[in-house]
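Observations on the three-dimensional arrangement
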Amino acid sequence: MPRMPITAKLSKLFYERLGEQVTNELVDWFNAVDATYRGDLRELNELNFARFDAKMEQRFAEFEAKMEQRFAKSEAKMERGFAEVRTDLEKGLKEATRFQFVTWSALLLAIIGFWMRG
(Lines give C-alpha, C1' and ligand atoms only; values in the text may rest on other atoms or scores of the structure.)
Protein backbone atom coordinates (compact mmCIF):
# COMPACT_ATOMS: atom_id res chain seq x y z
CA MET A 1 0.00 0.00 0.00
CA PRO A 2 1.57 3.31 -1.02
CA ARG A 3 2.12 5.76 1.81
CA MET A 4 0.44 9.07 1.34
CA PRO A 5 1.30 11.87 3.72
CA ILE A 6 -1.60 13.51 5.50
CA THR A 7 -0.11 17.00 5.45
CA ALA A 8 0.56 17.78 1.82
CA LYS A 9 0.68 21.57 1.91
CA LEU A 10 -0.18 24.37 4.26
CA SER A 11 -2.19 27.45 3.38
CA LYS A 12 -0.76 30.35 1.41
CA LEU A 13 -0.75 32.46 4.57
CA PHE A 14 1.88 30.18 6.15
CA TYR A 15 4.10 30.55 3.10
CA GLU A 16 3.71 34.32 3.12
CA ARG A 17 4.38 34.78 6.84
CA LEU A 18 7.03 32.12 7.46
CA GLY A 19 8.61 31.84 4.06
CA GLU A 20 8.91 28.96 1.63
CA GLN A 21 11.82 27.17 3.32
CA VAL A 22 10.42 27.25 6.89
CA THR A 23 6.95 26.22 5.74
CA ASN A 24 8.37 23.32 3.70
CA GLU A 25 10.42 22.22 6.72
CA LEU A 26 7.25 22.41 8.85
CA VAL A 27 5.36 20.30 6.28
CA ASP A 28 8.22 17.78 6.20
CA TRP A 29 8.25 17.65 10.00
CA PHE A 30 4.46 17.08 10.11
CA ASN A 31 4.84 14.30 7.54
CA ALA A 32 7.69 12.70 9.54
CA VAL A 33 5.64 12.86 12.75
CA ASP A 34 2.68 11.40 10.88
CA ALA A 35 4.80 8.54 9.53
CA THR A 36 6.18 7.85 13.00
CA TYR A 37 2.71 7.79 14.52
CA ARG A 38 1.46 5.52 11.76
CA GLY A 39 4.32 3.11 12.41
CA ASP A 40 3.68 3.21 16.14
CA LEU A 41 -0.04 2.69 15.58
CA ARG A 42 0.61 -0.26 13.26
CA GLU A 43 2.96 -1.81 15.81
CA LEU A 44 0.44 -1.24 18.61
CA ASN A 45 -2.32 -2.80 16.50
CA GLU A 46 -0.14 -5.83 15.77
CA LEU A 47 0.63 -6.26 19.48
CA ASN A 48 -3.04 -5.91 20.39
CA PHE A 49 -4.00 -8.44 17.74
CA ALA A 50 -1.36 -10.86 18.99
CA ARG A 51 -2.75 -10.52 22.54
CA PHE A 52 -6.30 -10.94 21.25
CA ASP A 53 -5.27 -13.98 19.23
CA ALA A 54 -3.56 -15.53 22.27
CA LYS A 55 -6.65 -14.90 24.44
CA MET A 56 -8.94 -16.41 21.82
CA GLU A 57 -6.70 -19.45 21.54
CA GLN A 58 -6.72 -19.84 25.32
CA ARG A 59 -10.50 -19.47 25.48
CA PHE A 60 -11.00 -22.00 22.70
CA ALA A 61 -8.71 -24.42 24.54
CA GLU A 62 -10.69 -23.90 27.77
CA PHE A 63 -13.97 -24.34 25.89
CA GLU A 64 -12.68 -27.51 24.26
CA ALA A 65 -11.62 -28.88 27.66
CA LYS A 66 -15.07 -28.10 29.11
CA MET A 67 -16.77 -29.78 26.18
CA GLU A 68 -14.58 -32.86 26.54
CA GLN A 69 -15.49 -33.01 30.24
CA ARG A 70 -19.20 -32.67 29.48
CA PHE A 71 -19.02 -35.31 26.76
CA ALA A 72 -17.19 -37.66 29.13
CA LYS A 73 -19.88 -37.11 31.81
CA SER A 74 -22.65 -37.62 29.26
CA GLU A 75 -20.98 -40.76 27.97
CA ALA A 76 -20.69 -42.13 31.51
CA LYS A 77 -24.38 -41.34 32.17
CA MET A 78 -25.38 -43.05 28.92
CA GLU A 79 -23.32 -46.12 29.77
CA ARG A 80 -24.97 -46.31 33.21
CA GLY A 81 -28.38 -45.89 31.60
CA PHE A 82 -27.68 -48.60 29.03
CA ALA A 83 -26.46 -50.91 31.79
CA GLU A 84 -29.70 -50.31 33.73
CA VAL A 85 -31.80 -50.94 30.62
CA ARG A 86 -29.81 -54.10 29.89
CA THR A 87 -30.33 -55.31 33.47
CA ASP A 88 -34.06 -54.55 33.34
CA LEU A 89 -34.33 -56.28 29.97
CA GLU A 90 -32.54 -59.37 31.30
CA LYS A 91 -34.88 -59.47 34.31
CA GLY A 92 -37.89 -59.15 32.03
CA LEU A 93 -36.61 -61.90 29.74
CA LYS A 94 -35.99 -64.19 32.72
CA GLU A 95 -39.53 -63.63 33.99
CA ALA A 96 -40.99 -64.10 30.53
CA THR A 97 -38.98 -67.30 30.01
CA ARG A 98 -40.05 -68.62 33.41
CA PHE A 99 -43.70 -67.78 32.64
CA GLN A 100 -43.46 -69.48 29.23
CA PHE A 101 -41.84 -72.56 30.77
CA VAL A 102 -44.57 -72.82 33.42
CA THR A 103 -47.28 -72.34 30.78
CA TRP A 104 -45.63 -74.85 28.43
CA SER A 105 -45.27 -77.37 31.28
CA ALA A 106 -48.94 -76.98 32.27
CA LEU A 107 -49.99 -77.45 28.67
CA LEU A 108 -47.74 -80.49 28.29
CA LEU A 109 -49.16 -82.04 31.47
CA ALA A 110 -52.69 -81.39 30.23
CA ILE A 111 -51.91 -82.96 26.85
CA ILE A 112 -50.28 -85.99 28.50
CA GLY A 113 -53.29 -86.29 30.83
CA PHE A 114 -55.73 -86.24 27.92
CA TRP A 115 -53.59 -88.72 26.02
CA MET A 116 -53.44 -91.12 28.97
CA ARG A 117 -57.23 -90.98 29.40
CA GLY A 118 -58.07 -91.49 25.87
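Because the structure is predicted, anything quoted here is derived from the model rather than measured.

A few words on the overall build of the protein chain. From N to C terminus, the protein chain includes 2 helices and 0 strands. Computed over C-alpha atoms, the radius of gyration of the protein chain comes to 45 Å, more than 25% over the 13 Å expected from 2.2 N^0.38 for 118 residues, which places it beyond the range of a compact globule. Dimensions of the protein chain along its principal axes, counting C-alpha atoms only, are 140 × 20 × 20 Å. A burial count over the protein chain gives 6% of its 118 residues as buried. About 11,300 Å² of surface is accessible on the protein chain, with carbon and sulfur atoms providing 63% of the total. Distance between charge centroids for the protein chain: 10 Å, based on 19 positive and 19 negative side chains.

Another point: helix α2 (residues 20–117). A rise of 1.5 Å per residue sets the reference length of α2, with its 98 residues, at 146 Å; its end C-alpha atoms lie 140 Å apart and thus fit the reference within 8%. Among the residues of α2, Thr23, Val27, Asn31 and Asp34 are the ones counted as buried. Structurally, α2 contributes buried residues whose contacts are with α1 (12–18).

Glancing now at the packing of aromatic side chains. In total, this model carries 3 aromatic pairs according to the counting rule given. Between Trp29 and Phe30 the ring centres are 5.3 Å apart and the planes differ by 50°, which places this aromatic pair in the tilted class. We classify Trp29 as exposed; its relative accessible area is 51%.

What follows is about the pattern of salt bridges. Scanning all chains against the criterion turns up 1 salt bridge. With a closest N to O distance of 3.1 Å, Asp34 and Arg38 form a salt bridge. Taken together, the positions of Asp34 and Arg38, both in helix α2 and 4 residues apart, correspond to about one turn of that helix. The exposure class assigned to Asp34 is buried, which follows from its relative accessible area of 15%.

Right, let's talk about a nonpolar patch on the surface for a bit. Together, Phe101, Val102, Trp104, Leu108, Ile112, Trp115 and Met116 make up a nonpolar patch on the protein surface, roughly 850 Å² of accessible area in all. Note on placement: Trp115 falls in helix α2.

The next point concerns the environment of Leu109. Take Leu109: it is sitting in helix α2. With 48 residues separating them in the primary sequence, Leu109 and Ala61 have C-alpha atoms 71 Å apart.

Cut-offs applied
- Residues numbered from 1 in each chain as written.
- Predicted model: local features only at pLDDT ≥ 70, side-chain atom pairs only at ≥ 80, totals over all residues.
- Heavy atoms only, no water.
- Helix = DSSP H or I, 4+ residues; strand = E, 2+ residues; numbered from the N terminus.
- Rg over C-alpha atoms; globule rule 2.2 N^0.38 Å.
- Buried < 20%, exposed > 50% of the residue type's maximum accessible area, 1.4 Å probe, protein only.
- Areas by Shrake-Rupley, 256 points an atom, 1.4 Å probe, with all protein chains shown as cover.
- Lys, Arg positive; Asp, Glu negative; His and termini not counted.
- Charge placed at Lys NZ, Arg CZ, Asp CG, Glu CD.
- Expected span 1.5 Å × (residues − 1).
- Contact = heavy atoms within 4.5 Å.
- Phe/Tyr/Trp six-rings, centres within 6.5 Å; stacked < 30°, edge-to-face > 60°.
- Salt bridge = Lys/Arg side-chain N within 4 Å of Asp/Glu carboxyl O.
- Patch = residues over 30% accessible without salt bridge, like charges linked within 9 Å, V, L, I, M, F, W, Y side chains within 5 Å.

Nothing here speaks to function; it is geometry throughout.
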